[in-house]
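# Overview (structure and organization)
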Amino acid sequence: MFLIEGKNYAPERLGRVLVLGFGKSGQAVARYVASLPKGRAESLTIMAGDHNPEADELARELHEKVNAKVLFGSQKVEGVFDLCITSPGIPPTSTLFRSAKSCSVEVIGEVEFAWREADENSRWVGITGTNGKTTTVSLTEHILKEAGLHAKAVGNIGDTCLEAVAHHAADVYVAELSSYQLSTISRLTPQVAVILNITPDHITWHGSFGEYRYAKMRILENLPKSHGLAVLNATDETVGEMVEALQQIPAAEAGFDTLSLGTAEGISGDARKTSGQTNAAWLGEDGALHVALAGQEYTLASADALQIKGSHNIENALAAAACALALGADPKAVSSGLTSFAPLEHRIEPCGVVNGVACYNDSKATNVDATLKAFSAFGAIKPIVLLGGRDKQTDLSELVQVAKEHAKAVVCYGESHLRFATAFEKVQEELPVLHAAHMEDALDTALAFAEAGDIVLLSPACASFDEFNSFEERGKVFKQLVATRSA
């Protein structure tokens, strides 16, 4: 195999290419392959879902360019292919995926393909975790730009990795990587890899929590042996176990360096003192964020100066700061970037005040763990929390306990209403449990209960699909509802 000089791992000839899925990443791959110099791809076959006008139009465009074949509706692949690039939405247990694997020399995902096609002098930061990925990726990009680096957030946020690579959009790609995407990597080599947390999610897709955990861990597989850095949140139980396991491996064997965010005791723990690690990041007694890396200790911005609130965002901020410092960012620029970064849409986002009651949109909290983190975002003020949507059937016991301690009330609504309301029955003498049919009704119920100075927080702990097409749509509707009531 002959590789193209100057790229990470790009064969001169891709051969017969199969694209599995025709969503955002599938379309990006199809367009990219169609744009390659004549002869790099011998053929292009795309397995699409159902007919729709957009897909039909793109299919005609591709056919005119490369005589691509687009197959709609088929659930089984037939033929022989050199390379299959699969959509992250297609489970490896599906008939479509299995049949593609059986007739393809190699199966990878769009992220892996993008890294291979990228310039070899580009640098990559890979960030994964059950929660907090988007905030940390956006904050890392923001800090790197503040430090004068040509950085771009890619992956599950904004442009696909391949679109950014095709346009040579950055020198540093900060990639938000889901467990779906990580399950199909093989050569992807980030200079810095971050694991924020791992809690049960997407179990149906992966088949078990063990497989989900393994997919997340794969981000560490190809870290460079001489200068790679793994940033691991030791305050998270599952990630903390990884930290302990890595400590047992001799440095010469592990190769890459490890930096721990906090310790098992919390984010204020300095892993250098508790377990003798070389690198660490923690919240100091002085209230500032601290990072110790490669023999240098940096005192950065005060946690109180961050615009993003909550203890989980201190973890996210430390992770982003560690990434930036590892890539050579000036510490002053890191501090400046930390404090100038504003909250993202749908992530504990302030969205208006109704009769003295502040409303916050945390629609991105589609699982219990994300909602648990939101409870701590408001200091001494106990929020009235809207819980509901499509139930993921995860355990609710910790949610009930934390709500009892940190919420003024909860409003159960939507498709998940019955199970959530039943779970909260045991604490209803200590915590007001209110009921509503749907999200708009839940907002009005919360506002009727609230007093001036209170906080109403949409942090559903559920998927959005009972009422909405996405958590983004749910959040936008919530903000519109708040706006009409504050007018």
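The rules we used
Residues numbered from 1 in each chain as written. Predicted model: local features only at pLDDT ≥ 70, side-chain atom pairs only at ≥ 80, totals over all residues. Heavy atoms only, no water. Helix = DSSP H or I, 4+ residues; strand = E, 2+ residues; numbered from the N terminus. Rg over C-alpha atoms; globule rule 2.2 N^0.38 Å. Buried < 20%, exposed > 50% of the residue type's maximum accessible area, 1.4 Å probe, protein only. Contact = heavy atoms within 4.5 Å. Areas by Shrake-Rupley, 256 points an atom, 1.4 Å probe, with all protein chains shown as cover. Pairing = 2+ DSSP bridges. Axes fitted to C-alpha atoms, helices over the stretch in contact; angles between N-to-C directions. Salt bridge = Lys/Arg side-chain N within 4 Å of Asp/Glu carboxyl O. Phe/Tyr/Trp six-rings, centres within 6.5 Å; stacked < 30°, edge-to-face > 60°. Lys NZ or Arg CZ within 6 Å of the ring centre and 35° of its normal.

With that out of the way, let us pick up the overall build of the chain. The helix and strand tally for the chain stands at 19 helices and 20 strands. Over its C-alpha atoms the chain spans a radius of gyration of 23 Å, differing by no more than 12% from the 23 Å that the globule rule assigns to 487 residues. Here the chain holds 487 residues, and the buried ones make up 57% of them. Long-range contacts, defined as pairs at least 24 residues apart, comprise 69% of the intrachain contacts of the chain with a sequence gap of at least 6. With the model as given, the accessible surface of the chain reaches about 20500 Å², and the carbon-plus-sulfur share is 49%.

What follows covers the sheet that holds strand S19 (residues 433-435). Pairing in this open sheet of six strands is mixed, and the strands run S15-S16-S20-S17-S18-S19 from one edge to the other. Both outer strands of the open sheet, strand S15 (349-354) and S19, are each paired with one neighbouring strand and no more. Across the sheet, the mean angle separating the axes of adjacent strands is 25° when strand polarity is ignored. By the bridge criterion, five bridges tie strand S17 (residues 384-388) to strand S18 (residues 409-413) in an arrangement that is parallel. The partner of Ile-384 across the bridge, within S18, is Ala-409. Against the sheet, helix H19 (residues 471-486) touches S15, strand S16 (357-361), S17, S18 and strand S20 (455-458), its axis set at about 25° to S15.

The next subject is helix H4 (residues 110-117). Taking burial as the measure, the eight residues of H4 include eight buried ones, the bulk of the element. Considering only its buried residues, H4 is in contact with helix H1 (24-35), strand S4 (83-86), strand S5 (107-109), strand S6 (123-128), helix H6 (161-166) and helix H7 (179-182).

Moving on to the side chain of Asp-369. Inspection of the secondary structure puts Asp-369 in helix H15 (residues 368-374). A relative accessible area of 16% places Asp-369 in the buried class. Leave out the neighbours within four places in its chain, and Asp-369 touches Asn-131 and Thr-199.

Each regular strand carries side chains that alternate between the two faces of the sheet. Of all the five residues making up S16, four are buried; the element is thus mostly covered by neighbouring parts of the structure. Sheet topology note: the S15/S16 ladder contains four bridges and is antiparallel. The residue of S16 that forms the bridge with Val-354 is Val-357. Where S15 folds back onto S16 in an antiparallel hairpin, the turn is made up of two residues, including Asn-355, whose phi is positive at roughly 50°. Judged from the four bridges that link them, S16 and S20 form a sheet pairing that is parallel.

Looking now at the sheet that holds S4. On the basis of which strands lie adjacent, the open sheet formed by five strands has the order S3-S2-S1-S4-S5 and parallel pairing. Because the sheet does not close on itself, it has two edges, and the strands there are strand S3 (69-72) and S5. Taken over all neighbouring pairs, the strand axes of this sheet differ in orientation by 20° on average, direction set aside. When strand S1 (residues 15-20) meets strand S2 (residues 41-48), the two strands line up parallel, connected through six bridges. For Leu-18, the partnering residue across the bridge sits in S2 and is Thr-45. The strands touched by helix H2 (residues 53-66) are S2 and S3; relative to S3, the strand with the most contacts, the crossing angle is about 155°.

What follows covers the pattern of salt bridges. Scanning all chains against the criterion turns up 20 salt bridges. With its nearest N and O atoms 2.7 Å apart, the salt bridge here joins Arg-116 to Glu-106. Of the two residues, Arg-116 is situated in helix H4 and Glu-106 in the loop between helix H3 (95-102) and S5; the sequence distance between them amounts to 10 residues. The partly exposed category is assigned to Glu-106, whose relative accessible area is 27%.

With that settled, consider the pairing of strand S14 (residues 296-302). Where strand S13 (residues 288-293) lies against S14, five bridges are found, and the strand directions are antiparallel. Bridge pairing links Leu-293 to Gln-296 in S14. Linkage of S13 to S14, two consecutive antiparallel strands, is achieved through a turn of two residues, within which Ala-294 is found at a positive phi near 55°.

Right, let's get into the packing of aromatic side chains. Counting across every chain of the model gives four aromatic pairs. Seen from their ring centres, Trp-124 and Tyr-173 are 4.8 Å apart, and the 35° between their planes marks the pair as tilted. In this pair, Trp-124 sits in strand S6 while Tyr-173 sits in strand S8 (residues 172-176), placing the two residues 49 residues apart along the sequence. Per residue, the accessibility class of Trp-124 equals that of Tyr-173, and both read buried. The interplanar angle of 65° and the centroid separation of 4.8 Å between the aromatic rings of Tyr-360 and Phe-378 together place this pair among those described as edge-to-face. Residue Tyr-360 is located in strand S16, and its partner Phe-378 is located in the loop between H15 and S17; the two are separated by 18 residues in the primary sequence. Overall, the relative accessible area of 11% leaves Phe-378 in the buried class. Over the ring of Phe-471 we find Lys-364, and its NZ or CZ is 5.5 Å from the ring centre.

Treat this as a map of the structure, not an account of what it does.
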